Amino acid sequence: MKIILKNVDIIHPEDIVNLKGTSVLVDNGIISKIGELNQAEIRGAKEFDFSGKILVPGLFDMHVHLREPGREDEETVLTGCNSAAAGGFTGVACMPNTEPDIDTAEVVKFIKEQAANHLVDVYPVAAASLGRKGEIISPMAELVEAGAVAFSDDGVAIRTSAVLRRAFEYANMYNTPIIEHCEDESLADGAMNEGVNSTLLGLPALASVAEDIIVSRDILMAEYTGGRIHIAHISTKNSVNLVRDAKKKGIKVTAEVTPHHFTLTDDAVKSYDTNFKMNPPLRTQDDIIAIIKGIKDGTIDCIASDHAPHSIEEKETEFQFAPNGIVGLETIVGLSSTELLHKNKISIEELVNKLSINPRRILNIPIPKFEVGAVANFTIIDPDLVWTVDVSKFKSKSKNSPFDKRLLTGKAIAVINRKKMYADNQWIDLVSA
Amino acid sequence: MALSSRHLLGLQGVPKEDIQTILDTANTFREILERPIKKVPTLQGKTVVNLFYESSTRTRISFELAEKRLSADAINFSISGSSVSKGETFKDTMKNIEAMKVDMVVVRHSAAGTPLYLTKICNSNIINAGDGTHEHPTQALLDMYSIRQKIGRLEGLKICIVGDIAHSRVALSNIFGLKTMGVKVSVCGPSTMIPRDIKDLGVDVIYDIDEAIQENDVLNVLRIQLERKAREYFPSIREYAKYFGITQERLDKIGKDILILHPGPINRGVELSSEVADGSSQIILYQVTNGVAIRMAVLYLLGTLN
Ligand SMILES: [Zn+2]
């Protein structure tokens, strides 16, 4: 099957392609031509008019929780991939806090099998320690061989410095990064950011210094071992500054931020609405300013959703007893576009770097090429589309989003990968006759 | 004479006029409580549910008594012997209770924000009887009422709240209410028990109990929790008693009268020495009686609003 993506603007920061109003011919899922097409090439092709839209290398979310195996009532690999495609992503890395944890090759393979026929590439992040208990490092060689792209005890930080050191040293043999959820366990007993709002609301509080302490520890250990550390969902001003300084010193550190951490502050918790409960918690305006600065100057490499589906029953409870996290895959592009692109914080090229190129580079995943003969791996974005978030339309199995009814500008409208296309709520098989 | 809200969730943001109305109304009921027949028909036909997810005999009895003295039908629903243990969700429980045609719900819960949540899922008037470490408005109101009775006013007074401020709903409600009423509020206790950002609430922090006694007209002394979890915040009970406990010796040094309140029950020899506890026992028991009057006032004002 031939398809033509007409009148589209192409942006590929890595291949330094920057073409306006051109056409792309995709034949059986493979890029066949970029540029003006002749009559013979057009014949028999299904045409998509993408005037005013941007075609970029397929977006990649390096921090999602797909809940399978274990909590299939909240999300499965399949529904998570559907959510990813609807949100504009052609690849995701899924975190290991499933039941059982992703700490054996069998679970890695199981997850990859669930996604084998999907448009979205799924790359498991395996546990850094067995059962994420922070006692014994996981069988990293086997896990890498099975397809794991990074190691993390996400949900918690690697418990001790000794295990962290071994994890760095061992993972380094495979040039694989350690992804850390930075939170000092002994300071982690809280439900929201510590500050005047937690005092007013009478909620147990999480001090921002709990994050900064582990970021510091991890940076020092990365420097000492030569390992690669990736800071997940960075949320504090001090942590951003620590990462910036470490990068200047040449330490192998990268960082990601979630849209909610540059969009919302802990003021939102005043409603006691559990959709505003996440970990790290929503911080302050000061932190948002520091995060935006870090996004602009490259201290923060990626934007990741920390997609964390939860059942209604679990979320509809007292704030301090509710689980952490929000559904993120279907709002991340809209929020990034609204808060960063349209507020002139970063350019579209930088946005594509943070949502597509950098996460793949950190995880050693090949970056989609825009050349004839390459598999078409595209996201098509309408940067000016004004739309309202409606959680009832989410493809994710769960609906726990604090952004319901929010007006956003910018949306991914189509994705193409693995010889499949998803656009307008429809799946199109690009190899069928 | 009507309140500006149909719920009492806390004292944060409650206007001065409302607090004044509640205190003045309590005065009327305080007189009724001195009569031989202490019952009035004001809330006849109204049903009030005391929804207690956390055991607190004193607060529940105080509310129950207030409800009965107003001739309301009072139903107690406590965590033991309820559907909570059967895994019924909080929301379902609430919906079930409301289906029984309830007019008001008095709620005590270990989680902050629960009373606010109740206002979103049901139509009854909600009265917060303590939510986590957030607010306990009727306790603060009865504290304010007691002070006003003893001293004659609130405005211009200097009042210090002593003890574990960080884990106290009584402290927070007192801070909000007293500040609204024009009181200069300070807190005193070990620094580990004082929220980092408390000054942003317009409250002074004192770490020296003698200074707190010297500088204030009233001390509202909180009960120190002696459970292990709370104990992580200070080195030992002995050290607490020595540096933050209020003794007769300390009171004698200042050569002026100071009013001491305590929400009870007292840990004798910890936050108050026995001598001080007995010396001020009159006000402490007086607070208990005032508690019924305040709760009658709140129930009456909310119950006759609709
Ligand atoms: Zn995490």
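Residues numbered from 1 in each chain as written. Chains lettered and ligands numbered in written order. Predicted model: local features only at pLDDT ≥ 70, side-chain atom pairs only at ≥ 80, totals over all residues. Heavy atoms only, no water.

A.B. asks: How do you make sense of unusual backbone geometry when you look at a structure like this?
C.D. replies: The general pattern is negative phi for most residues beyond glycine and trans for most peptide bonds. Cis rather than trans, the peptide bond between Glu68(A) and Pro69(A) has omega equal to 5°. Mapped onto the fold, Pro69(A) is located in the loop between β6 (59-64) and α2 (77-87). The residue after Glu99(A), namely Pro100(A), is reached through a cis peptide bond having omega 0°. Inspection of the secondary structure puts Pro100(A) in the loop between β7 (89-94) and α3 (105-114). Unusually for a residue other than glycine, His233(A) sits at a positive phi of about 25°. Tracing the backbone shows His233(A) in the loop between β13 (229-231) and α8 (237-248). The phi dihedral of Lys101(B) falls on the positive side, at around 60°, and the residue is not glycine. Within the secondary structure layout, Lys101(B) lies in the loop between α3 (90-99) and β3 (104-109). Under the relative-accessibility criterion, Lys101(B) is labelled exposed at 68%. (Helix = DSSP H or I, 4+ residues; strand = E, 2+ residues; numbered from the N terminus. Buried < 20%, exposed > 50% of the residue type's maximum accessible area, 1.4 Å probe, protein only.)

A.B. asks: What am I meant to see in the coordination of the zinc ion here?
C.D. replies: Residue and element names in this part refer to chain A. Protein coordination of the zinc ion is provided by Asp154 (OD), His181 (ND1) and His233 (NE2), with donor distances spanning 2.0 to 2.3 Å. Within one chain, the residues serving as donors to the zinc ion are arranged as D-x26-H-x51-H. Within this pair, whereas aspartate 154 is found in the loop between β9 (150-152) and α5 (161-172), its partner histidine 181 is found in the loop between β10 (178-180) and β11 (192-193), the two being separated by 27 residues in sequence. (Donors = N, O, S within 2.8 Å, 3.2 Å for Na, K, Ca; no water.)

A.B. asks: Could you clarify how one ought to interpret the nonpolar core in this entry?
C.D. replies: The nonpolar side chains of soluble globular proteins are, as a tendency, buried together. Counting 76 residues, the largest nonpolar core has Val122(A), Ile178(A) and Ile231(A) as its most contacted members. Residue contacts for Ile231(A): discarding those within four places in its chain leaves Glu180(A), Cys182(A), Val215(A), Val243(A), Val253(A), Thr254(A), Ala255(A) and Glu256(A). With 64 residues, the next largest nonpolar core counts Phe29(B), Phe63(B), Ile127(B) and Val203(B) among its residues. (Core = buried A, V, L, I, M, F, W, Y, C linked by side-chain atoms within 4.5 Å. Contact = heavy atoms within 4.5 Å.)

A.B. asks: Looking at this structure, I do not really get the packing of helix α1 (residues 16-33) of chain B against helix α5 (residues 137-151) of chain B. What am I missing?
C.D. replies: Helices that pack against each other are described as a pair by the angle of their axes relative to one another and the distance between those axes. Residue and element names in this part refer to chain B. At a minimum axis separation of 10 Å, α1 and α5 run at an interaxial angle of 70°. One way to sum up the angle between α1 and α5 is to call them roughly perpendicular. α1 and α5 meet at a crossing whose hand is right-handed. Along the contact surface, α1 presents Ile19, Gln20, Ile22, Leu23, Asp24, Ala26, Asn27 and Arg30, while α5 presents Leu141, Met144, Tyr145, Arg148 and Gln149. When grouped by side-chain class, the residues that make up the contact of α1 with α5 number 7 nonpolar, 3 polar and 3 charged. (Axes fitted to C-alpha atoms, helices over the stretch in contact; angles between N-to-C directions. Parallel < 35°, antiparallel > 145°, perpendicular 65-115°, else oblique. Left-handed = near helix turned anticlockwise from the far one by under 90°. Nonpolar A, V, L, I, M, F, W, Y, C, P; charged D, E, K, R; others polar.)

A.B. asks: Where do I start with the domain arrangement of chain A in this structure?
C.D. replies: Much of the literature gives interface size as the accessible area that the parts lose upon coming together. All names here are of chain A. Here the domain parsing of chain A yields domain 1 (2-55 + 370-384 + 396-429) and domain 2 (58-362). Buried area between domain 1 and domain 2, summed over both chains or domains, comes out near 3300 Å², and the portion from carbon and sulfur atoms is 60%. The partner of arginine 406 in a salt bridge is glutamate 339, with the nearest N and O atoms 3.9 Å apart. Summed over the shared surface of domain 1 and domain 2, the number is 26 residue pairs in polar contact (both at pLDDT 80 or more). Listed by contribution, the elements that provide at least two residues to the side of domain 1 that touches domain 2 are β1 (2-12), β16 (378-388), β17 (407-417) and β18 (420-423). With 8 residues, β17 is the largest single contributor of residues to the side of domain 1 that touches domain 2. Of the residues contributing to the side of domain 1 that touches domain 2, the split by class is 15 nonpolar, 11 polar and 8 charged. (Domains from an automatic or database assignment. Buried area = accessible area lost by both parts, 1.4 Å probe. Salt bridge = Lys/Arg side-chain N within 4 Å of Asp/Glu carboxyl O. Polar contact = N/O pair within 3.5 Å; in protein donor to acceptor, adjacent residues only side chain to side chain.)

A.B. asks: Where do I start with the sheet that holds strand β4 (residues 125-131) of chain B in this structure?
C.D. replies: Each strand in a sheet pairs with its neighbour through backbone hydrogen bonds, running either in the same direction (parallel) or in the opposite one (antiparallel). All names here are of chain B. The strand order across the open sheet formed by 4 strands is β2-β1-β3-β4, and the pairing between neighbours is parallel. Unpaired on one side and paired on the other, β2 (73-78) and β4 mark the two borders of the sheet. Strand-to-strand, the axes of this sheet are offset by a mean angle of 15°, without reference to chain direction. Here β3 pairs with β4 via 5 bridges, running parallel. The residue bridging methionine 104 from the neighbouring strand is asparagine 125, located in β4. Lying over the sheet, helix α4 (residues 114-121) contacts β1 (47-52), β3 and β4, oriented at roughly 160° with respect to β4. (Pairing = 2+ DSSP bridges.)

A.B. asks: Sorry, what's going on with the pairing of strand β6 (residues 184-188) of chain B here?
C.D. replies: Along a regular strand, successive side chains alternate from one face of the sheet to the other. Residue and element names in this part refer to chain B. Summarising burial for β6: 4 of the 5 residues are buried, a large majority. In this structure, strand β5 (residues 158-162) lies alongside β6, joined through 5 bridges in parallel fashion. Paired with lysine 158 across the strands is lysine 184, a residue of β6. Regarding topology, helix α6 (residues 169-180) serves as the crossover connection from β5 to the parallel β6, and that connection is right-handed. Here β6 pairs with strand β7 (residues 204-206) via 3 bridges, running parallel. Across the sheet, the residue bridging to serine 186 is aspartate 204, located in β7. (Right-handed = clockwise from strand over helix to strand, strands pointing away.)

A.B. asks: What is the right way to look at the interface of chain B and chain A in this model?
C.D. replies: At the interface, 23 residues of chain B touch 16 residues of chain A. In this assembly, chain B packs against chain A so that about 1500 Å² is buried in total across both faces, 57% of it on carbon and sulfur atoms. Counting across the chain B and chain A interface gives 1 salt bridge. The partner of Glu194(A) in a salt bridge is Arg196(B), with the nearest N and O atoms 3.7 Å apart. The interface formed by chain B and chain A includes 6 residue pairs in polar contact (both at pLDDT 80 or more). Put simply, the parts of the chain that give the side of chain B that touches chain A at least two residues each are α3, α4 and α6 of chain B. A per-element tally of the side of chain B that touches chain A places α4(B) first, with 4 residues. Looking at the side of chain B that touches chain A, its residues break down into 10 nonpolar, 7 polar and 6 charged.

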